[in-house]
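Single-letter residue listing:
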Amino acid sequence: SIQDITARKKAEEYLLYLGTHDVMTGLYNRAFFEETIEKLESKRKDPVSIMIFDLNFLKHVNDTLGHAAGDKLIRRAAEVLRSAFNAGQVVARIGGDEFAAILPGEDESNTSEYLKHIQALLELNNKYYREPELSLSVGAHTSSPSLSLAKVINLADDAMYRSKGEYHRRRKDDIL
């Protein structure tokens, strides 16, 4: 009887884990990310910074080296992001090659420090793994009383797309 309860409890914990985490990366999933945003919005305490990350050249890696190499790149990105943030912060895979971090209590200056730290971790990761290169486009925005967290996410997403455009323009110029 005790073994049955233990096994059932472990199964319940595992199902809870699957409901809140991305299986490939071990990071939180989009559902958990959205649930956290709703909770923060209902008990609003500014500042809250949101960072959005997008993996550069995943399609190219998948097309040239195969999907296993692309999956490895996604796991490497998750490894970098997991080590960049603290325990009270939510880091989630919110799409195929898109990640987000929720940073309660962090303002713009702290966010820029996280960006520097992530860049250093990316460089270290690329030295260790070599090919293919791990590169992330990043956008961030910090809340203010007049902005909903949904709007903060949209502004961070817009900033990420601007970063992605700049990155691809620089890469194109490097090739030419």
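Our subject in this report is the structure included herewith. (Residues numbered from 1 in each chain as written. Predicted model: local features only at pLDDT ≥ 70, side-chain atom pairs only at ≥ 80, totals over all residues. Heavy atoms only, no water.)

Following the sequence through the fold, G88 ends up in the loop between helix 4 (67–84) and strand 2 (90–93). Since its relative accessible area comes to 66%, G88 is described here as exposed. C-alpha separation for the pair G88 and I102, spaced 14 residues apart in sequence, amounts to 9.3 Å. (Helix = DSSP H or I, 4+ residues; strand = E, 2+ residues; numbered from the N terminus. Buried < 20%, exposed > 50% of the residue type's maximum accessible area, 1.4 Å probe, protein only.)

Time to look at the sheet that holds strand 4 (residues 136–142). If you trace the four strands from one edge of the open sheet to the other, you get 2-3-1-4, paired in antiparallel fashion. One side of each edge strand has no neighbouring strand; the edge strands of this open sheet are strand 2 and strand 4. Ignoring strand direction, the axes of neighbouring strands in this sheet form an average angle of 15°. The pairing of strand 1 (residues 48–55) with strand 3 (residues 98–104) spans seven bridges and is antiparallel. When the bridges of strand 3 are listed, D54 appears paired with E98. Here helix 2 (residues 30–42) sits on the sheet and contacts strand 1, strand 2 and strand 3; the angle it forms with strand 3, its principal contact strand, is near 25°. (Pairing = 2+ DSSP bridges. Axes fitted to C-alpha atoms, helices over the stretch in contact; angles between N-to-C directions. Contact = heavy atoms within 4.5 Å.)

What follows concerns helix 2. For helix 2, which comprises 13 residues, the first-to-last C-alpha distance of 18 Å matches the rise-based estimate of 18 Å (1.5 Å per residue) to within 8%. Looking only at helix 2, the buried set comprises F32, F33, T36, I37 and L40. One side of helix 2 holds all its buried residues, which, seen down the axis, span an arc of 140°. The outward face of helix 2, more than 90 degrees from its buried face, is lined by the exposed residues E38, K39 and S42. Between the side-chain oxygen at the start of helix 2 and the backbone nitrogen of A31 there is a gap of 3.3 Å, and the oxygen is on N29. (Expected span 1.5 Å × (residues − 1). Arc of directions from axis to C-beta. Polar contact = N/O pair within 3.5 Å; in protein donor to acceptor, adjacent residues only side chain to side chain.)

Our focus in this paragraph is the packing of aromatic side chains. Scanning the model with the defined rule gives four aromatic pairs in all. For the ring pair Y28 and F32, a centre distance of 4.0 Å and an interplane angle of 10° mean the geometry is stacked. Look at F53 and F85: their rings are 6.3 Å apart centre to centre, the planes differ by 65°, and that puts the pair in the edge-to-face class. Here F53, found in strand 1, pairs with F85, found in the loop between helix 4 and strand 2; they are 32 residues apart in sequence, far enough to count as distant. (Phe/Tyr/Trp six-rings, centres within 6.5 Å; stacked < 30°, edge-to-face > 60°.)

What follows deals with the nonpolar core. One recurring pattern in soluble globular proteins is that nonpolar side chains are buried together. Ranked by internal contacts, the top residues of the largest apolar core, which has 26 residues, are M51, F53, F85 and I118. Counting residues per element, this core draws most heavily on helix 4, which supplies eight residues. Among the nonpolar cores identified, the runner-up in size contains 18 residues, and V90, V152, I153 and A156 belong to it. (Core = buried A, V, L, I, M, F, W, Y, C linked by side-chain atoms within 4.5 Å.)

The next point concerns the pairing of strand 3. Counting buried positions along strand 3 gives six out of seven residues, so the element sits mostly inside the fold. Here strand 2 folds back onto strand 3 in antiparallel fashion, the turn holding four residues.

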